Amino acid sequence: MKNKHIWLFYISFLGIHFSNQAQGENKIISNDTIIIKSDSLNKKTYKLRFGFDPIKTVLSQTDDNYNGIEIVGDLSLFENLFLAIELGTEDKTKQSEKINFTTTGSYIKLGADYNMYKNWKGMNNQIYIGFRFSNSIHKQRVNSFYLRNSDFLWGNELITSGTGIGLRENLNASWIEFITGIKVQVLKNIYMGFSVRFNRLLSDKKPLNFDNLYIPGFNKKTDENIFGAGFNYTISYSIPIKFNKSK
Amino acid sequence: MIKKEFNLIIFSLIFFLFYNSCEKDDICLSDTPTSPRLIVKMVDKDNPDLYKSANNLLIKVVDNDSINIESRDSIILNLNPYKNYTQFEFILNQGSENENIDTLQINYSLNNIYIDRACGYKTSFIFNSNALTLINEKNNWIESYLILKDTIINEEQAHMAILH
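Think of each chain on its own: its residues are numbered from 1, step by step along the sequence as written. Working convention: letters from A go to chains and numbers from 1 go to ligands, in the order in which they are written. Residues qualify for local features only when their pLDDT is at least 70, as the model is predicted, and side-chain atom pairs are given and counted only at 80 or more; totals for whole chains, interfaces and linings, by contrast, use all residues.

The next subject is the overall build of chain B. A tally of helices and strands in chain B yields 1 helix and 10 strands. Strands are runs of DSSP state E lasting at least 2 residues, helices are runs of H or I lasting at least 4, and numbering of each runs from the N terminus. Across chain B, helices and strands are ordered from the amino to the carboxyl terminus as α-β-β-β-β-β-β-β-β-β-β. Per-residue burial for chain B yields a buried fraction of 25% across its 164 residues. For every residue pair, C-beta atoms are placed from the backbone, and the pair is scored as a contact if these atoms sit within 7 Å. A fraction of 56% describes how many contacts in chain B between residues 6 or more apart in sequence connect residues 24 or more apart. Each residue is classified by how many other C-beta atoms fall within 10 Å of its C-beta atom, where C-beta atoms are placed from the backbone; a count of 20 or more means buried, 12 or fewer means exposed, and values in between mean partly exposed.

Here it is as structure tokens:
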């Protein structure tokens, strides 16, 4: 039932964008009738691309301890420079060495990509580098843990209640990501891509009597350093939008 | 050309799926502080500043088989981190005719403190207002007790003194 809703969510996006495209074409036609021919040279085509992360969607269906979606978008500002955004939400239960915890939250990543790949005429692939400023709002719940004991006189019981166990709300984190990735046009207007990300944590609000062991969008946070890594896959759909150049 | 790059994507997709499945093992170092133990001083009932060791003292942990603790003027006891009390049998003059068993109960509340990812949590103990109760009421060789520190967070100094 839940999965069905997720798929409907994605499909609805396609619907919205196809209808947008149709409206765009109508506008252009009505504009053409009033614009003198030479003015059409002043028109600039922006390419808007939007999509989602299929791996996160597949994991949500197969992994009981993970639920997440990520939608992505970029807009070409200049020939090789793209404004890029990622929005996502994650719900992940993790068993670390001694602690079982659940992280729930959403994130936004905003930045730019620069394409370094010179395409042959008619091709539209990318090898790019980029950066993102990212922010998350999340909460952490400690489900259970084992105590660190000096000996095992009293055995090693799993603790599921008492101090330490419970929900910590209103947490956040901000970080910067350095990205390298590729996007390949597999069908007309359909792109597949993946990127590798190196994250540097700028700040995070730590939960009481616990730590942000996992941050949505950032990934696993280690104790001793502020660096993290991640990657994402995307399937995206591209539409051209035409604007009159501002004078 | 497109096919070639498509293959590259498939390859890297598989590679990164495997890459994701291995994680660095975080190791809890042995010198990280653990859940502390209770340190008890045996002192003179007439002069609590003076150490006085009990003769042939043997301590048994109730509800826990065959755990005997050696007697000195300072005793280190493991408190149960899963309950809010622990019972001990303090056996004076063990093995002789005038053997005297005092069963005492240490009462406390538990406070779990986060250490780090690898080590998880440790416990600290906070004494209740009646930190020590004697279970057997007759013929007690233990006179009284003193609280030296009301929380047990580390093992740097004695937390409790037993007057006898």
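Within chain A, the secondary structure is distributed over 2 helices and 11 strands. Moving toward the C terminus, one meets the helices and strands of chain A in the order α-β-α-β-β-β-β-β-β-β-β-β-β. When contacts within chain A are restricted to residue pairs at least 6 apart in sequence, long-range pairs at least 24 apart make up 64% of them.

Further remarks concern the sheet that holds strand β8 (residues 144–147) of chain B. Adjacent strands of a sheet pair through backbone hydrogen bonds, lying either parallel or antiparallel. All names here are of chain B. Strands sit in the order β4-β1-β10-β8 across an open sheet of 4 strands; the sheet is mixed. The sheet is open, and its two borders are formed by β4 (74–77) and β8, each paired with just one other strand. The average undirected angle you get between the axes of adjacent strands in this sheet is 25°. Two strands are said to pair when DSSP picks up at least two bridges between them. Pairing analysis gives 4 bridges linking strand β1 (residues 38–43) to β4, with the strands arranged antiparallel. Directly across from I39, in β4, lies its bridge partner I76. Only the stretch in contact is used when fitting a helix axis, every axis being a line fitted to C-alpha atoms; angles between N-to-C directions are given from 0 to 180 degrees.

Following the sequence through the fold, L92 of chain B ends up in strand β5 (residues 85–92). With 19 C-beta atoms packed within 10 Å, L92 of chain B lands in the partly exposed category.

Residues and elements named next belong to chain A. Assignment of secondary structure puts K206 in the loop between β8 (190–204) and β9 (214–215). With 13 C-beta atoms counted inside 10 Å, the residue K206 sits in the partly exposed group. In the structure, K206 is positioned 90 residues away from M116 in sequence and 38 Å away in space, judged by C-alpha atoms. With near-sequence residues (within four places) excluded, K206 lies in contact with D211 and N212.

The subject of this paragraph is the interface of chain B and chain A. Contact with chain B, which involves 32 residues of that partner, is made by 29 residues of chain A. Among the secondary structure elements, those contributing two or more residues to the side of chain B that touches chain A are α1 (2–21), β6 (100–116) and β7 (120–134) of chain B. Each residue is assigned to one of three groups, with Ala, Val, Leu, Ile, Met, Phe, Trp, Tyr, Cys and Pro labelled nonpolar, Asp, Glu, Lys and Arg labelled charged, and all others, Gly among them, labelled polar. For the side of chain B that touches chain A, the residue count by class is 16 nonpolar, 10 polar and 6 charged.

Let us now look at the confidence of the model for chain A. Residue and element names in this part refer to chain A. Residues of chain A with pLDDT of at least 70 account for 78%, and the chain-wide mean is 82. Within a predicted model, pLDDT stands for the predictor's per-residue confidence, ranging from 0 to 100. At the level of individual helices and strands, chain A shows its lowest average pLDDT in helix α1 (residues 2–34), which scores 54, and its highest in strand β4 (residues 99–115), which scores 95. When the criterion is pLDDT under 50, residues 17–28 qualifies, and its contacts beyond four places in sequence or with other chains add up to 6 contacts.

Attention now goes to the environment of I59 of chain B. Tracing the backbone shows I59 of chain B in strand β2 (residues 58–61). Residue classification places I59 of chain B among the partly exposed residues on the basis of 19 C-beta atoms within 10 Å.

With that settled, the discussion passes to unusual backbone geometry. All names here are of chain A. Positive phi values are uncommon outside glycine, yet N170 reaches one of about 55°. Positionally, N170 belongs in strand β7 (residues 166–187). With a phi close to 70°, N189 is a non-glycine residue in the positive phi region. Following the sequence through the fold, N189 ends up in the loop between β7 and β8. You can call N189 partly exposed: it has 15 C-beta atoms within 10 Å.

Per-residue confidence for chain B averages 81 on the pLDDT scale, and 80% of its residues sit at or above 70. Scoring of the predicted complex yields 0.75 for pTM and 0.74 for ipTM.

Right, let's get into the nonpolar core. By definition, a nonpolar core groups buried Ala, Val, Leu, Ile, Met, Phe, Trp, Tyr and Cys residues that connect through C-beta atoms lying within 7 Å of each other. Judged by nonpolar contacts, the single largest core of 23 residues is most densely connected at L38, V40, M160 and I162 of chain B. Counting residues per element, the ones that place at least two in this core are β1, β5, β6 and β10 (160–163) of chain B. For this core, the element with the most residues is β1 of chain B, which contributes 5 residues. Residue contacts for M160 of chain B: discarding those within four places in its chain leaves L38, V40, A131, Y145, L146, I147 and L148 of chain B. In terms of nonpolar packing, the next biggest core, distinct from the first, is built from 17 residues, I99, F101 and Y214 of chain A together with Y121 of chain B among them.

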